[in-house]
Amino acid sequence: MILLQTPVPEEAIAAANDSLRTHTQNMIATLQNNPEAAFHKFIEQATVFGLKVIAALLIYIIGAWLIRRIKRLQERRFKKRKTDPTVASFTQSATTFLLSLLLVVITIGTLGVDTTSLAALLAAGGMAIGMALSGTLQNFAGGIMILVFRPFKVGDWIAAQGNAGTVTSVSIVSTKIKTVDNREVVLPNGALSNGVIDNYSALPIRRIDMLVSVAYGTNAQECIDLLLSILKDEEKILDKTSEGADDPFVALKTLNASDISFVVRAFVKNEDFWDVTYRLNKRIYTELPEHGINFAYPHVDVTLTK
């Protein structure tokens, strides 16, 4: 808007008109005085320009072939090294874009066009596009951060931006996750890279934490022994012989207003977490009452006296 509203000096307009007028008059005078020399000069300039066009075409054809060749070599190399598909796609796209831009600049320079002005034009256009697509560029930068630092990968279970699910794909500007109720959620990489990411699949083992509340009057040691026996009876629960794990643990944690709470902790492999958790819930609910241990629930004791 500033450029559009800035008035062009009248002196500059007059100078441009005078230059165009002078050039036109010189051409007319040359044609009138020595048409043969003018014709030979035109042929010479056309020949030079034609050679430049042929050279530019050859450079463009050879350059385009080399770019395709480099892309195929990258594909084979990525497949051989089993590179992550997202990283491979991003690298190929970036390389192709940069090489194509370089090829265009070289081709235009071969034609005799001043590439300095072209570079300034590209820079100005890039700035305008960047301002218009600031959100998209932020997501693009976030995608690069995710690809470089790898806070998660495809197949991991993560919780971020108020959503939780399995990562199905990671692109340059967004990440897709599949929730447990079979919904696909698209998370922008800009917000994702700047926020908290809870990756439940990053480590091979995971700890189960449960809180079991029972009524007052329960023998604490008997309850602890029973809970420990349930944990040790589960074959998929790990002990301290496994790297990063510890032995199952049960302890009286809190004395509440109407109940007492025992903390139950056990380590399992990541893939066994939910199966073991559900089995423990069922066994605790079934076996504690069988041993005379009652669960606490909100209630009021009323005593009547005469």
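Residues numbered from 1 in each chain as written. Predicted model: local features only at pLDDT ≥ 70, side-chain atom pairs only at ≥ 80, totals over all residues. Heavy atoms only, no water.

A closer look at a nonpolar patch on the surface
Taken together, the side chains of Leu51, Ile54, Leu58, Ile62, Trp65 and Leu66 present a nonpolar region at the surface, about 610 Å² in accessible area. Along the chain, the position of Ile54 falls in helix 3 (residues 35-81). For Ile54, a relative accessible area of 48% translates into the label partly exposed. (Patch = residues over 30% accessible without salt bridge, like charges linked within 9 Å, V, L, I, M, F, W, Y side chains within 5 Å. Areas by Shrake-Rupley, 256 points an atom, 1.4 Å probe, with all protein chains shown as cover. Salt bridge = Lys/Arg side-chain N within 4 Å of Asp/Glu carboxyl O. Helix = DSSP H or I, 4+ residues; strand = E, 2+ residues; numbered from the N terminus. Buried < 20%, exposed > 50% of the residue type's maximum accessible area, 1.4 Å probe, protein only.)

Some thoughts on the nonpolar core
Core analysis: the largest hydrophobic core is formed by 24 residues, its most contacted members being Val214, Leu227, Leu231, Leu280 and Leu288. Elements that contribute at least two residues to this core include exactly strand 6 (205-214), helix 8 (220-233), strand 8 (260-269) and helix 9 (273-290). If one sorts the elements of this core by residue count, helix 8 sits on top with seven residues. The residues contacting Leu280, other than those within four sequence positions of it, are Ile208, Met210, Ile230, Leu231 and Ile237. (Core = buried A, V, L, I, M, F, W, Y, C linked by side-chain atoms within 4.5 Å. Contact = heavy atoms within 4.5 Å.)

Points about the sheet that holds strand 8
Taken together, the three strands give an open sheet; going across it, the order is 6-8-7, and neighbouring strands pair in antiparallel fashion. Every interior strand has two partners, whereas the edge strands, strand 6 and strand 7 (249-255), have only one. In this sheet, adjacent strand axes meet at a mean angle of 25 degrees when their direction is disregarded. Here ten bridges tie strand 6 to strand 8, and the two strands are oriented antiparallel to one another. By the bridge assignment for strand 8, Arg207 is matched with Phe267. In this fold helix 9 packs onto strand 6 and strand 8, with an angle of close to 20 degrees to the strand it touches most, strand 6. (Pairing = 2+ DSSP bridges. Axes fitted to C-alpha atoms, helices over the stretch in contact; angles between N-to-C directions.)

Comments concerning the side chain of Ser261
For Ser261, the position within the fold is in strand 8. Residue classification places Ser261 among the buried positions, given a relative accessible area of 2%. Engagement of the side chain of Ser261 in a polar contact is seen with the side chain of Asn256, the distance being 2.8 Å. Look past the residues within four positions of Ser261 in its chain and what remains in contact with it is Leu211, Val212, Ser213, Ala251, Leu252, Lys253, Thr254 and Asn256. (Polar contact = N/O pair within 3.5 Å; in protein donor to acceptor, adjacent residues only side chain to side chain.)

A few points about the packing of aromatic side chains
For any pair of aromatic rings, the description consists of the separation of the ring centres together with the inter-plane angle of the planes. One pass over the full model with this rule turns up three aromatic pairs. Between Phe273 and Trp274, the ring centres sit 5.0 Å apart and the planes meet at 85 degrees, which makes this aromatic pair edge-to-face. Ring-pair connections join several aromatic residues into one group, and the members of that group are Phe273, Trp274 and Tyr278. Over the ring of Phe273 we find Arg206, and its NZ or CZ is 3.7 Å from the ring centre. (Phe/Tyr/Trp six-rings, centres within 6.5 Å; stacked < 30°, edge-to-face > 60°. Lys NZ or Arg CZ within 6 Å of the ring centre and 35° of its normal.)

Focus: the pattern of salt bridges
Side-chain pairs of opposite charge can arise where the charged atoms are in close proximity. By the definition in use, this model includes eight salt bridges. Residues Lys236 and Asp272 are paired through a salt bridge, measuring 3.8 Å at the closest nitrogen-oxygen approach. Within this pair, whereas Lys236 is found in the loop between helix 8 and strand 7, its partner Asp272 is found in the loop between strand 8 and helix 9, the two being separated by 36 residues in sequence. Judged by relative accessible area, which is 31%, Lys236 ranks as partly exposed. Owing to a relative accessible area of 12%, Asp272 belongs among the buried residues under this scheme. Two residues, Glu287 and Arg283, come together in a salt bridge whose shortest N-O distance is 2.8 Å. Taken together, the residues span about one helical turn, with Glu287 and Arg283 both in helix 9 at a distance of four residues. Taking relative accessible area as the criterion, Glu287 reaches 18% and is therefore assigned buried.

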